[in-house]
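Understanding the architecture of this molecule
Residues per chain are reported as follows:
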Amino acid sequence: MRIRLLLGLLLLSAATGFSQLSLTEVNRLEAAGQFKAASQQLTQQLRRDELAPAQRKVLEFELDRLERIKKDFPYTKDELFAELKSAVKGLTRAEFDSWVAAGRFDSRNIDGRRWFMGSSVDNLFFRYRDLAARRIPAKDSSEEQRRHYETCVTIEQAARAAHKPYVLPKRFEATMTVTAKANAAPDGQLVRAWLPIPREYPFQDGFTLLSASPAPTRIADKDSPIRSVFLEEPAKTNQATEFQVRYEYTADGVWFDVDPAQVRAANPDDASLKPFTAEAPHIVFTPEMRALSQQIAGDEPNPYLRARKFYDWIAGNIKYSYAIEYSTIRNISDYCRSHGYGDCGQEALLFMTLCRLNGIPARWQSGWNTFPGGKSIHDWSEIYIAPYGWMPVDPYMGIYAMRYATNLSSAQRLTMRDFYFGGLDQYRMIANSDHNQRLEPPKDSMRSDNVDFQRGELEWDHHNIYFDQYSYSLTIKELPHAPLE
């Protein structure tokens, strides 16, 4: 990845007349914490009238990326200590200082000052489970763990009894609201919004749009890899601009009963699978990734068992952590590998990279986790296993089972881990079947998240509206009766 990035930067440098003040130099300045100097270099280049539109977009994104990074690291050391004092029982300054020295918190040196990540408090508890007893207030997730386990068992039993992978459909009604803050766009400017909606799968269908405000301008095709409703509304001075869609859909529980002896390698000439065995943004076959693959899987020839080894290794070795924005990371899968922690999407991309590196087709799947009491945006993956087809794999749920479901027995935790390798609960709203996809219609401005699509995207007249300028929410309820199969 470093070689490819460097070559790309050098080519752009030559094309824009950057000479020695190239994007490579800007990248070096950023890594050294010299954000002001990096910003000045980019601003100077953007004044060049001869820049081609594509070149200008790259430079504008790099300038915006510096601001995005700063938004992810809002705390000074003293401010972080104040946050932790109210979250960790008995915390002393000396203990906190020792944690900082040990690198327990994500931080960046920005223009001569150390800044700490906004999710540092939550990430401390994710990474250091021994601190759970000192958490204020205490968190009791035992009921959620039990319901997750029972859901897995129920779906697996139903799939075995029915001799098919898709069972126990549930019907949901969902309302998504995305609200741009007052004055996020000038008065009268048309705010353009893309809101995610369910795409069609063998186990997710029956989408019905019940209402939308304002009326939708476009609805992406049902099998779009990044399905959205597109809406437009003029901004009004000192007023928020709200977009809302309400819809129904049906989701099945999924569990594949795979016999490893029946598994065969995917056809390397299958054109529909080739894109999902290749390198892609954030899926790069680095020497470090190749070494990790060999370390985990060795000489195992069976693609199903090889993928299972990658899944089990991630479940046992990667810690969950809230992430900095994906658009600020050059190579997400390697970020997760090198740090030893990541959020659900970073874990999924690590798993996908290991699979593709070994010729196992793997692709992104994402949207929302709507499990009662645990609703959140969520990412996972699918792998193609011949002759069974595409089956879901949720690396985060493997980690959840082995590291965080501490109120379950060892046997129950293993059952839950095993289920999510080839299984999926019904509590998902899946909008995406691939990462780094283009919205339809395309945004005129840069994306707030150029990897995933769950929170919605907004813009006005070629200006992106970033996450700090809008809010989003999804409310969902299970309807009493699913349609007959």
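Before going into details, it helps to say that this report is about the structure given with it. If you're wondering where the values come from, they're calculated on a predicted model, not measured in any experiment. (Residues numbered from 1 in each chain as written. Predicted model: local features only at pLDDT ≥ 70, side-chain atom pairs only at ≥ 80, totals over all residues. Heavy atoms only, no water.)

**Regarding the overall build of the protein**
Condition: The helix and strand labels rest on DSSP assignments: H or I over at least four residues marks a helix, E over at least two residues marks a strand, and numbering proceeds from the N terminus. Each radius of gyration reported is based on C-alpha atoms, and the globular scaling rule is 2.2 Å times the count of residues to the power 0.38. Only protein chains enter the area calculation, which uses a 1.4 Å probe; residues under 20% of their type maximum are buried, those over 50% are exposed, and those in between are partly exposed. Residue contacts are defined here by distance: any two heavy atoms, one from each residue, within 4.5 Å place the two residues in contact. Note on charges: Lys and Arg go in the positive column, Asp and Glu in the negative column, and His and the chain ends are not counted at all. Positions of charges follow a simple convention, taking NZ of Lys, CZ of Arg, CG of Asp or CD of Glu.
From N to C terminus, the protein includes 14 helices and 18 strands. Taking 23 Å as the expected radius of gyration for a compact globule of 485 residues, we find that the protein reaches 23 Å, a close match to that expectation. Its C-alpha atoms give the protein principal-axis dimensions of roughly 65 × 55 × 50 Å. Split into buried and exposed, the 485 residues of the protein put 51% on the buried side. Across the protein, the fraction of contacts at a sequence separation of at least 24, relative to all contacts at a separation of at least 6, is 72%. For the protein, the distance from the average site of its 60 positive side-chain charges to the average site of its 63 negative ones is 4 Å.

**Digging into the nonpolar core**
Keep this limit in mind: Throughout this description, the term nonpolar core refers to a set of buried Ala, Val, Leu, Ile, Met, Phe, Trp, Tyr and Cys residues connected via side-chain atoms within 4.5 Å.
Leu350, Phe351, Cys355, Ile383, Met391, Met416 and Phe421 are the most contacted members of the largest nonpolar core, which has 78 residues in total. The leading source of residues in this core is helix H12 (residues 344–357), at nine residues. Setting aside residues up to four positions removed in sequence, Met391 forms contacts with Phe256, Val258, Tyr304, Ser381, Glu382, Ile383, Ile385, Phe421 and Gly422. In this structure, Phe243, Ala431, Tyr466 and Phe467 belong to the second largest nonpolar core, which totals 31 residues.

**What about the sheet that holds strand E15 (residues 428–432)?**
Each strand in a sheet pairs with another by means of backbone hydrogen bonds, the pair being arranged parallel or else antiparallel. To be explicit about the condition: Strand pairing is defined by DSSP finding a minimum of two bridges between the two strands. Fitted lines through C-alpha atoms give the axes, limited to the stretch in contact for helices. The angle between two N-to-C directions lies from 0 to 180 degrees.
Ordered by their spatial adjacency, four strands build an open sheet running E13-E12-E11-E15, and the pairing between neighbours is antiparallel. Two strands in the sheet have a free side with no partner beyond their single neighbour: strand E13 (389–393) and E15. Taking the axes of each pair of neighbouring strands and ignoring which way they run, one obtains an average angle of 40° across the sheet. With respect to the sheet, H12 is in contact with strand E11 (362–369), strand E12 (376–385) and E13, its orientation differing from that of E11 by roughly 165°.

**Details of the packing of aromatic side chains**
Here the distance between the centres and the angle between the planes together describe a pair of aromatic rings. The cut-off we apply is this: For Phe, Tyr and Trp, rings pair up if their centres lie within 6.5 Å, where Trp contributes its six-membered ring, and each pair is then called stacked (planes under 30 degrees apart), edge-to-face (over 60) or tilted (otherwise). Over a ring means this: the NZ of a Lys or the CZ of an Arg is within 6 Å of the ring centre and within 35 degrees of the ring normal.
Applying the stated criterion across every chain, the model contains 26 aromatic pairs. Consider the rings of Tyr247 and Tyr249, whose centres lie 6.1 Å apart with planes at 45°: the pair is tilted. Tyr247 sits in the buried class, given a relative accessible area of 0%. An aromatic cluster of at least three residues, connected via ring pairs, comprises Phe126, Tyr320, Tyr322, Tyr396, Tyr400 and Tyr404. For the cation-ring pair, Arg227 lies above Phe207, with the distance from its terminal atom to the ring centre recorded as 4.8 Å. Above the face of the Phe276 ring, Arg363 is positioned so that its terminal group lies 5.7 Å from the ring centre.

**Considering the state of the cysteines**
The following threshold applies: Cysteine sulfur atoms that come within 2.5 Å of each other are treated as a disulfide pair.
A full pass over the atoms with the stated rule returns zero disulfides. Left unpaired, Cys152 is separated from the closest cysteine sulfur, that of Cys344, by 16 Å.

**Looking at the side chain of Ser448**
As a reminder of what qualifies: Polar contacts here mean pairs of N or O atoms no more than 3.5 Å apart (in protein, one a potential hydrogen donor and the other a potential acceptor; neighbouring residues in sequence count only if both atoms are side-chain atoms).
Topologically, Ser448 is positioned in the loop between E15 and strand E16 (457–460). Polar side-chain contacts of Ser448 include one of 3.3 Å to the backbone oxygen of Ile465. Beyond its immediate sequence surroundings of up to four residues, Ser448 is in contact with Arg68, Ser327, Lys443, Glu457, Asn464, Ile465, Tyr466 and Phe467.

**A short note on helix H8 (residues 142–162)**
Note the following rule: Expected span of a helix, by definition, is 1.5 Å for each gap between consecutive residues, and there is one gap fewer than residues.
In this model, H8 (21 residues) spans 30 Å end to end at C-alpha, consistent with the 30 Å of a helix rising 1.5 Å per residue. Regarding H8, the residues found buried are Gln145, His148, Thr151, Cys152, Ile155, Glu156, Ala158 and Ala159. Immediately downstream of H8, the backbone of His163 shows phi near 55°, a positive value.

**Brief notes about the pattern of salt bridges**
Inclusion rule: The salt bridge criterion pairs a side-chain nitrogen of Lys or Arg with a carboxyl oxygen of Asp or Glu, the two atoms within 4 Å.
Per the counting criterion, the structure on display carries 39 salt bridges. One salt bridge in this structure joins Glu457 and Arg447, with 3.3 Å as the shortest N-O distance. Here Glu457 is found in strand E16, whereas its partner Arg447 is found in the loop between E15 and E16, with 10 residues between them in sequence. Across this residue pair, the class does not change: Glu457 and Arg447 are buried. One network of salt bridges, with partners in common, ties together Lys77, Asp78, Arg93 and Asp97.

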